[in-house]
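Report on the structure
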Amino acid sequence: MSPPLQLRFVMSATRRAALPEAVAEVAVVGRSNVGKSSLINALANRRDLARVSKTPGRTQLLNLYDVAGGQGSLVDLPGYGYAAVPGRTRATWPAMIEGYLLEREHLVLTLVLVDAEVGPTKLDVQTLEWFRGHGLAHAVVATKHDKVKASVRQRRKAELLAGCEEPVAAWTSAAKGTGIDELRLLLRSRLA
Ligand code: GDP
């Protein structure tokens, strides 16, 4: 078993330049409602840690946590789709997120969350293409695994794989704890 990550909220920032130096950092991204806050809480085995990122005014910010036991940190990025322009899909991300992802030194990995129940959305697919196009280290993490009926899990896994066009690093359920250990191990290895 991998013990909970000891996450501590440090600050919210409007841009990369406002963040303190980091030795190794993992970012988490996904469309709103994908289960990002629940997953961060599950990683830390805390109930309300990631509530800070839901505070009005903070939903569009970079929310920084430090990870005790090392000099690593975790950054919760704004949920994409949240500020989507009505009536059209954005082809690019807000400059603030792009600036962070492309320029943040020591960003070792970004978790791209995909809802296992609804499958990869167009925005998820575009996001993954963007990461591949920029050669940025990332891992697809499927959320809400418990919401997929056991009878359709095999098929859904194949669909997700095909839709994302890359392997799924972890199948998780924040509600049931599925895959959380595995994900903690992955993060610990990257932050070490
Ligand atoms: P965020 O907007 O990406 O931060 O998503 P939240 O963590 O707030 O979750 C959005 C909704 O999905 C909430 O109603 C959560 O309770 C629900 N949810 C998140 N993770 C899970 C999960 O693993 N299983 C189930 N069944 N529901 C989940």
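Residues numbered from 1 in each chain as written. Predicted model: local features only at pLDDT ≥ 70, side-chain atom pairs only at ≥ 80, totals over all residues. Heavy atoms only, no water.

What to know about the overall build of the protein chain
Within the protein chain, the secondary structure is distributed over five helices and seven strands. For the protein chain, the C-alpha radius of gyration of 16 Å lies close to 16 Å, the compact-globule estimate for 192 residues. For the C-alpha atoms alone, the extent of the protein chain along its principal axes is close to 45 × 45 × 30 Å. Counting over 192 residues, the protein chain shows a buried share of 48%. When contacts within the protein chain are restricted to residue pairs at least 6 apart in sequence, those whose partners lie at least 24 apart make up 73%. Distance between charge centres in the protein chain, computed from 26 positive and 18 negative side chains, equals 6 Å. (Helix = DSSP H or I, 4+ residues; strand = E, 2+ residues; numbered from the N terminus. Rg over C-alpha atoms; globule rule 2.2 N^0.38 Å. Buried < 20%, exposed > 50% of the residue type's maximum accessible area, 1.4 Å probe, protein only. Contact = heavy atoms within 4.5 Å. Lys, Arg positive; Asp, Glu negative; His and termini not counted. Charge placed at Lys NZ, Arg CZ, Asp CG, Glu CD.)

Structural notes on the side chain of Asn-41
Take Asn-41: it is sitting in helix 1 (residues 36–44). Side-chain polar atoms of Asn-41 contact the backbone nitrogen of Leu-49, separated by 3.0 Å. Excluding anything up to four places from it in sequence, Asn-41 contacts Arg-46, Arg-47, Asp-48, Leu-49 and Ala-50. (Polar contact = N/O pair within 3.5 Å; in protein donor to acceptor, adjacent residues only side chain to side chain.)

Observations concerning the site of the ligand
Asn-33, Ser-37, Ser-38, Lys-54 and Asp-146 are the nearest of the 14 residues found near the ligand. Interatomic distance of 3.2 Å between a backbone N/O atom of Val-34 and an oxygen atom of the ligand. Taking Lys-36, its main chain carries an N or O atom lying 2.8 Å from an oxygen atom of the ligand. Computed on the free molecule, the ligand has an accessible area of 580 Å², of which 72% lies beneath the protein chains in the complex. Of the residues that constitute the shell around the ligand, the class distribution is three nonpolar, six polar and five charged. (Near = heavy atom within 4 Å. Areas by Shrake-Rupley, 256 points an atom, 1.4 Å probe, with all protein chains shown as cover. Nonpolar A, V, L, I, M, F, W, Y, C, P; charged D, E, K, R; others polar.)

Comments concerning the packing of helix 1 against helix 5 (residues 180–191)
The contact between helix 1 and helix 5 brings their axes to 10 Å, and the two run at 80°. Accordingly, the angle class assigned to the pair helix 1 and helix 5 is roughly perpendicular. The residues of helix 5 that touch helix 1, namely those facing Leu-39, Ala-42 and Leu-43, are Ile-180, Leu-183, Arg-184 and Leu-187. Grouping the amino acids of the contact of helix 1 with helix 5 by side-chain chemistry returns six nonpolar, no polar and one charged. (Axes fitted to C-alpha atoms, helices over the stretch in contact; angles between N-to-C directions. Parallel < 35°, antiparallel > 145°, perpendicular 65-115°, else oblique.)

Without other data, these values stay purely geometric and don't point to any function.
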